[in-house]
Amino acid sequence: DNILSKGEYQLSSAMITKLLSTCNLERFKYIIWVANLPIDSNLLEIVCTEHIYLTRREKMNFLLENKVVPTQKSLTNLTLIPINYYNKLSTITEDIELLLKYGLELSPTDIKLLLSHKIVIRNLDKYNNKDIQKECDRLGIDPVSQGQSDLISACSIGYAAPIRTHLKTHNLVPCPAAMRE
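This is a predicted model, so every value here is computed, not measured.

Cut-off values and rules
- Residues numbered from 1 in each chain as written.
- Predicted model: local features only at pLDDT ≥ 70, side-chain atom pairs only at ≥ 80, totals over all residues.
- Heavy atoms only, no water.
- Buried < 20%, exposed > 50% of the residue type's maximum accessible area, 1.4 Å probe, protein only.
- Helix = DSSP H or I, 4+ residues; strand = E, 2+ residues; numbered from the N terminus.
- Arc of directions from axis to C-beta.
- Polar contact = N/O pair within 3.5 Å; in protein donor to acceptor, adjacent residues only side chain to side chain.
- Salt bridge = Lys/Arg side-chain N within 4 Å of Asp/Glu carboxyl O.
- Phe/Tyr/Trp six-rings, centres within 6.5 Å; stacked < 30°, edge-to-face > 60°.

(A) A look at helix α2 (residues 25-35). Inspection of α2 places Leu25, Phe28, Ile31, Ile32 and Ala35 among the buried residues, and these make up the whole buried set. The buried residues of α2 all sit within an arc of 120° when viewed along its axis, so they share a single face. Among the exposed residues of α2, those oriented more than 90 degrees off its buried face are Glu26, Arg27, Tyr30 and Trp33. One side-chain oxygen at the N-terminal end of α2 lies 3.2 Å from the backbone nitrogen of Glu26; it belongs to Asn24.

(B) Local environment of unusual backbone geometry. The backbone phi angle of Lys67 is positive, close to 65°, even though this residue is not glycine. Within the fold, Lys67 resides in the loop between α4 (53-65) and α5 (72-79).

(C) Up close: the pattern of salt bridges. Under the definition given, this model contains five salt bridges. Between Asp95 and Arg56 there is a salt bridge whose closest N-O contact spans 2.6 Å. Of the two residues, Asp95 sits in helix α6 (residues 89-101) while Arg56 sits in helix α4, which places them 39 residues apart along the sequence. Per residue, the accessibility class of Asp95 equals that of Arg56, and both read buried. Salt-bridge contacts for Arg57 lead to Glu94; the nearest nitrogen and oxygen are separated by 3.5 Å. Note that Arg57 is positioned in helix α4 and Glu94 in helix α6, a separation of 37 residues in sequence. Shared partners join several salt bridges into a network, and the residues in it are Arg56, Arg57, Glu94 and Asp95.

(D) Representation of the environment of Ile121 in the model. Assignment of secondary structure puts Ile121 in the loop between α7 (108-116) and α8 (130-139). Classification of Ile121 as buried rests on a relative accessible area of 4%. Through-space distance from the C-alpha of Ile121 to that of Glu94 is 8.3 Å; in sequence the pair is 27 residues apart.

(E) Looking closely at the packing of aromatic side chains. By the definition in use, this model includes two aromatic pairs. Judged by centre distance (6.2 Å) and plane angle (90°), the rings of Phe28 and Phe62 are edge-to-face. Placement of the pair is Phe28 in helix α2 and Phe62 in helix α4, with a sequence separation of 34 residues. Here Phe28 and Phe62 have matching classes, each one buried. Taken together, a centroid distance of 6.0 Å and an interplanar angle of 45° make the contact between Tyr30 and Trp33 tilted.

Remember, this is a structural readout, not a statement about activity or role.
Structure (structure tokens):
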């Protein structure tokens, strides 16, 4: 299963996948060029497994701007990234909204997957579906107030830049509880 042969060196597809998911954007482009890889949804699916959100976002933008069509597997891969200091729920939500911006269509099953991971996308109400509302109720998620609760937690941490980003991203006006924090 060797997809790259240059002289004496051969890299397996698993090795190329590892290289692609752990490098910066410039090396990413270089590996694509050297390995003569097609710029397609398979690359986007690999990028969506990456745990470092800054390089993941750069690579996603690069691929999506080069007309790569987002897939359901890209969405699923993003939901599997563990939430931690570097991958906050809001950054993963922004990545998913980027996929939506470039044409990913969500099915009711996809929305249930997102909700089961506590990921609430903007304009969830446009997917007016009773099953989705039942899932929100079951998980105790109120899509309207979700943005405000994220804002309150950001204010309690005290980081100004993420708070401004969150306000702009979700078109929010701070609620009194957020202002007190």
